[in-house]
Structures are given as C-alpha cells and as structure tokens.
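Read off the chains here:
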Amino acid sequence: MVHEDYKEMILARALSALDAAEERALNEHLENCDECRKELEEWQATVATLAVVADPAEPSPKVREHILSEVRKDLSAPEVIPFRSTSRNVWRSFGSLGAMAAVVLFTALIVGLVVMWRENNANKDRLAQINEFLQVASRPGARVSELRGVDLGSGATATLAYDKTGHAMLLADKLPRAPQGKAYQLWFIVGKNPPMPGKTFSPDDEGNGVLRDQMPKEALESAIFAITLEPQGGVDAPTGPIYLRSFEVN
Amino acid sequence: MELLKAIAARDEAALAQLYDRYRVILFGLLMRILNNREEAEDVLQEVFLQVWRKADDFDEERGRPFTWLVTLGRSRGIDRLRTLASRERVAEAGAREAVEEVSDAASDAFKSEQRGLVNKALAQLPDEQKSPLMLAYFDGLTQSEIATRLGAPLGTVKTRMRTGLMNLRELLAGQGESFGF
C-alpha cells in the first residue's frame, strides 16, 4: 500500500471501524508518518463530538468512592520501585522521582542483554536481535516487561518490548529446547478475559528465543504476558504448561 | 488541561474534580455503548484509574482533554462490548436499562447546548450517511460488519461513512471551542 491508501483509511480508523488487519497495517504506517498521524488526531476530535449525542447518565456514588479509594491506596503505597515502572514510558519518566527507578531498571536490562550476548559472543544473530530489541524499547511511548520462568521454565527469563502501535519483540533466555512438534507460544491476558494468542517460536540450542509479533490493541494498555508450550504452529487457546509469565499488569 | 497536569503530578483532588466534570457525559456514552449499568460503571472506573496512571501521556498539542477522555472512554467501552459479545453476554437489543435522573448540577456540567449542536448537525445528514456513523461509534461495528448489517456493498458503506463524517465536520465547523468543556 502507498501513502494515499493509508490516508483513505484514516476516517474509518478515527471511528475504530477498520478490520483488525487494516488497523495493524495503518498503525505501522502512522508510526512513521506525521501527516497521517496529525490528520487522524483532527478526525478523532470530530468523532469525539458524537459522544454528546448519548443521553447523559449519572453513575452511582460508589463509582467515585471506589476510584478515589484506589487512588489513595496508590498514593499511600511505599516509595519502592514498583515492577510496573518497567512498563512505563522510560523516557517520559526522566526527571520525576520514579525516573531513577526507570533508569536503573532500563540500564539493568541493557546490561543483562549485553551479558547475555557475551555468553553467546559467537552468535552475531543474537547481537543483531539485541540491537533490534533496543530500538523497539527506545521508541517514544515504548514499554518493557519482564517475564520470569515458572515451574518447568524455572531459570528461564524473557523480556518483551513493545511500542504504542503494538509492534512487539521478545527475547527469551535459558528456555528448555522445545520437543519435536512443539513450540513456545506467547499469550496476552487482559483482565479476566480469555488469553489472546500470539505467535510461536522455538529457542536455539542455547535456549535463546526471539519473537516478533503484533500485539492486539486490547493488550496495549494493561496485560499480563505468558509463554506456554504448545503444538507447533500455535493454538487459539492455551493447552500446555506455562514456562514464563509476567507478574504485574502492564 | 490544568487538571490533567495536576493529576499527572499525583493530585487526588484534581482527579476528583475531573471525575465530577466528565462523569455524566462519559457514563452516558458508556451506557449507550454497553446498555448495562454494572458493566458501564466498571468501565468508567477503569477509565478514570487509567487517567490517574496515564495523565502524563496527555499531549496538549495533540488535542483537547475532552477528545482525549472521550476517545479513551469510548475505546474502553467498545473493547468491553466486543468482549461481552464474544461471550454472548451482550444485553438484549432494545431493552435499554433505566438510568438514574441526572442532577441539575450534572446537567449543567453536561452543557446541553453542545448536544443540541451535534444533534442538529446529525439531523442534516441523510440516513444513509448517519446510520453507518452511529453503528460504528456506538455499536463498535467495523466497516465490514456495517456492510453486512445494512446489506450494502462494503465500498458503498466506506463512501457513505467518509462523506458523512466530512459533512459532520463541515456542519460543526466553528463550534470546536464549544467542545473544550
């Protein structure tokens, strides 16, 4: 598709009326096209006016109480480095009190990746993957989430980076080799909804795995990520054991 | 805008003020989309907790707070609607839940003149343009789903939606500041 094709899709995107594949394609284009992004923002302003057509309605007072109660809990939480900080926009965090936490965690991530590379220093492909990963992680609005090994995946780790369009890259380390006919599959879990399937990957002999995926829109704001062992090619709903998972909602 | 800056600086009172200002319009929008009080209240909570966590994502150069909040609220509402639909738990069409009467103060906050302006603009659109816009905005249908629902070719639906939205913008031209809330 060319630029004009994407421009044709912007109005429908403002109404969230594109099919999933079209929306993903347009989101990728928007990442690099200021003109289309600006046009989308203008149309979103027009579309937003439709909200006032709905009959005004009063929520029950308990909604306000619940929101403020959650906020107070958040404010009274001890000033430690919450895991959630790793998923925040690390660049925006600079300059705030939480900035140091973000810097420390991001630095740790880079150091970890370099160590991982050194352990496999003969592997130029891995270095290229790490470079690619860091590019994704450093895009404006990008988030990074850590997955830890559980049960059969104990000892394994993975790091997932994704930008605001949902372009995601995962690097896994020390995963057991997938048995014949099996592969690891990524899952996106939002609230109590059924897990949404991601792509599959198979680690190399060193246990290093890489996965590039396009996240579903629903998972961009808050999700838990998990990796299970599934039949090669993937399945629509998880059937195998969990090897890795994130432990905080992003 | 100042409220969002204060919220980004962790000001609880600012969030309460923002909630009081926008709850009626956002809850009305969510009720229209979800047609279920419990689900709409749950999503409303999610939206304001997301505002609390993400207020620093708001970029004043990229739009007004009204647009940001409504886009966020509608997006959450449509996501929930699609989840409910996939579980076949969506409410019966037409069985609109009763909503509590809106207080005078809330009505004031709602600013009914904006509602009148948009309704007047929509009334000037032919039904063939208005219907797909409403189905997309409040029912969360994609262009393909709208084509199926209306029994019209996809290309025709795309053209009508596009023309309808362009006409709406033209009809609302000059009213932009009215929606600053």
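Residues numbered from 1 in each chain as written. Chains lettered and ligands numbered in written order. Predicted model: local features only at pLDDT ≥ 70, side-chain atom pairs only at ≥ 80, totals over all residues.

*Asks:* Could you give an account of the overall build of chain A, with specific residues and numbers?
*Replies:* Of regular secondary structure, chain A possesses seven helices and eight strands. Of all 250 residues assigned to chain A, the portion counted as buried reaches 38%. Counting only contacts in chain A whose residues sit at least 6 apart along the sequence, the fraction spanning at least 24 positions is 58%. (Helix = DSSP H or I, 4+ residues; strand = E, 2+ residues; numbered from the N terminus. Buried ≥ 20, exposed ≤ 12 C-beta atoms within 10 Å, placed from the backbone. Contact = placed C-beta atoms within 7 Å.)

*Asks:* Mind laying out the overall build of chain B, listing which residues take part and the relevant values?
*Replies:* Secondary structure assignment for chain B yields nine helices and zero strands. Along chain B, helices (α) and strands (β) appear in the sequence α-α-α-α-α-α-α-α-α when read from the amino end. The long-range share in chain B, meaning contacts at least 24 apart out of those at least 6 apart in sequence, stands at 68%.

*Asks:* Can you tell me about the packing of helix α7 (residues 127-139) of chain B against helix α8 (residues 143-150) of chain B, naming the residues and giving the values?
*Replies:* All names here are of chain B. Packing of α7 against α8 leaves a shortest axis separation of 10 Å and a crossing angle of 125 degrees. The angle between the axes of α7 and α8 places the two elements in the oblique class. Note on packing geometry: the crossing formed by α7 with α8 is right-handed. When α7 is examined against α8, the residues S131, P132, L135 and A136 are found in contact with a partner set consisting of I146, R149 and L150. For the contact of α7 with α8, a count of residues per class yields five nonpolar, one polar and one charged. (Axes fitted to C-alpha atoms, helices over the stretch in contact; angles between N-to-C directions. Parallel < 35°, antiparallel > 145°, perpendicular 65-115°, else oblique. Left-handed = near helix turned anticlockwise from the far one by under 90°. Nonpolar A, V, L, I, M, F, W, Y, C, P; charged D, E, K, R; others polar.)

*Asks:* Can you break down the pairing of strand β3 (residues 167-173) of chain A residue by residue, with the values?
*Replies:* Residue and element names in this part refer to chain A. Within β3, six of the seven residues are buried, which leaves it mostly tucked inside the rest of the structure. Across six bridges, the pairing between strand β2 (residues 157-162) and β3 is antiparallel. What sits directly across from A158, in β3, is A172. Counting the residues in the hairpin turn of β2 and β3 gives four residues, including G166, whose phi is positive at 95 degrees. Where β3 meets strand β6 (residues 209-214), six bridges bridge the pair, whose relative direction is antiparallel. Within the sheet, the bridge partner assigned to L171 lies in β6 and is V210. (Pairing = 2+ DSSP bridges.)

*Asks:* Talk me through unusual backbone geometry; I want residue IDs and the actual numbers.
*Replies:* The phi torsion at K174 of chain A lies on the positive side, around 60 degrees, for a residue other than glycine. Checked against the element boundaries, K174 of chain A lands in the loop between β3 and β4 (182-189). The phi torsion at R10 of chain B lies on the positive side, around 70 degrees, for a residue other than glycine. Its 15 C-beta neighbours within 10 Å are what place R10 of chain B among the partly exposed residues.

*Asks:* I'd love a proper account of the confidence of the model for chain B, names of residues and values included.
*Replies:* Residue and element names in this part refer to chain B. For chain B, the mean per-residue pLDDT works out to 82, and 80% of the residues sit at or above 70. Throughout residues 88-99 the model reports pLDDT below 50, and contacts reaching past four residues in sequence, or to other chains, amount to 13 contacts. Low confidence marks residues 104-110, where pLDDT is under 50. Its contacts with residues over four positions away, or in another chain, come to eleven contacts. Predicted complex metrics record ipTM = 0.85 and pTM = 0.58. (pLDDT = per-residue confidence, 0-100.)

*Asks:* Report on the pairing of strand β5 (residues 196-201) of chain A, specifying residues and quantitative values.
*Replies:* Residues in a regular strand project their side chains so that they alternate between the two faces of the sheet. All names here are of chain A. With four bridges joining them, β4 and β5 adopt antiparallel strand pairing. Directly across from Q185, in β5, lies its bridge partner T200. Here β4 folds back onto β5 in antiparallel fashion, the turn holding six residues, of which G191 has a positive phi close to 55 degrees.

*Asks:* So, the interface of chain A and chain B: which residues are in play, and what are the values?
*Replies:* Note on interface size: it is often stated as the accessible area lost on association of the parts. Each partner contributes to the interface: chain A provides 38 residues, whereas chain B provides 60 residues. Examining the composition of the side of chain A that touches chain B, we find that nine residues originate from one element, helix α4 (residues 61-76) of chain A, more than from any other. Grouping the constituent residues of the side of chain A that touches chain B by class yields 21 nonpolar, seven polar and ten charged.

*Asks:* Any details on the sheet that holds strand β1 (residues 143-149) of chain A? Residues and values, ideally.
*Replies:* Residues and elements named next belong to chain A. With respect to topology, eight strands assemble into an open sheet ordered β5-β4-β7-β8-β1-β2-β3-β6, the strand pairing being antiparallel. Where the open sheet ends on each side, the last strands, each with one partner, are β5 and β6. Ignoring strand direction, the axes of neighbouring strands in this sheet form an average angle of 25 degrees. Pairing analysis gives eight bridges linking β4 to strand β7 (residues 224-231), with the strands arranged antiparallel.

*Asks:* Give a detailed account of the nonpolar core, specifying residues and quantitative values.
*Replies:* Judged by nonpolar contacts, the single largest core of 68 residues is most densely connected at L15 of chain A together with L26, L30, A136 and M161 of chain B. With 13 residues, helix α2 (residues 12-34) of chain B is the largest single contributor of residues to this core. Not counting chain neighbours up to four residues away, the residues in contact with L15 of chain A comprise V47 of chain A together with A136, Y137 and M161 of chain B. A142, A172, L175 and L244 of chain A belong to the second-largest nonpolar core, a separate cluster that totals 35 residues. (Core = buried A, V, L, I, M, F, W, Y, C linked by C-beta atoms within 7 Å.)

*Asks:* Go over the environment of F225 of chain A with me, naming the residues and quoting the values.
*Replies:* Residue and element names in this part refer to chain A. Note on placement: F225 falls in strand β7. Accessibility expressed as a C-beta count within 10 Å gives 25 for F225, which makes it buried. Between the alpha carbons of F225 and S145 there is a distance of 8.5 Å; along the sequence they are 80 residues apart. Residue contacts for F225: discarding those within four places in its chain leaves S145, L147, L160, L186, W187, F188, R245 and S246.

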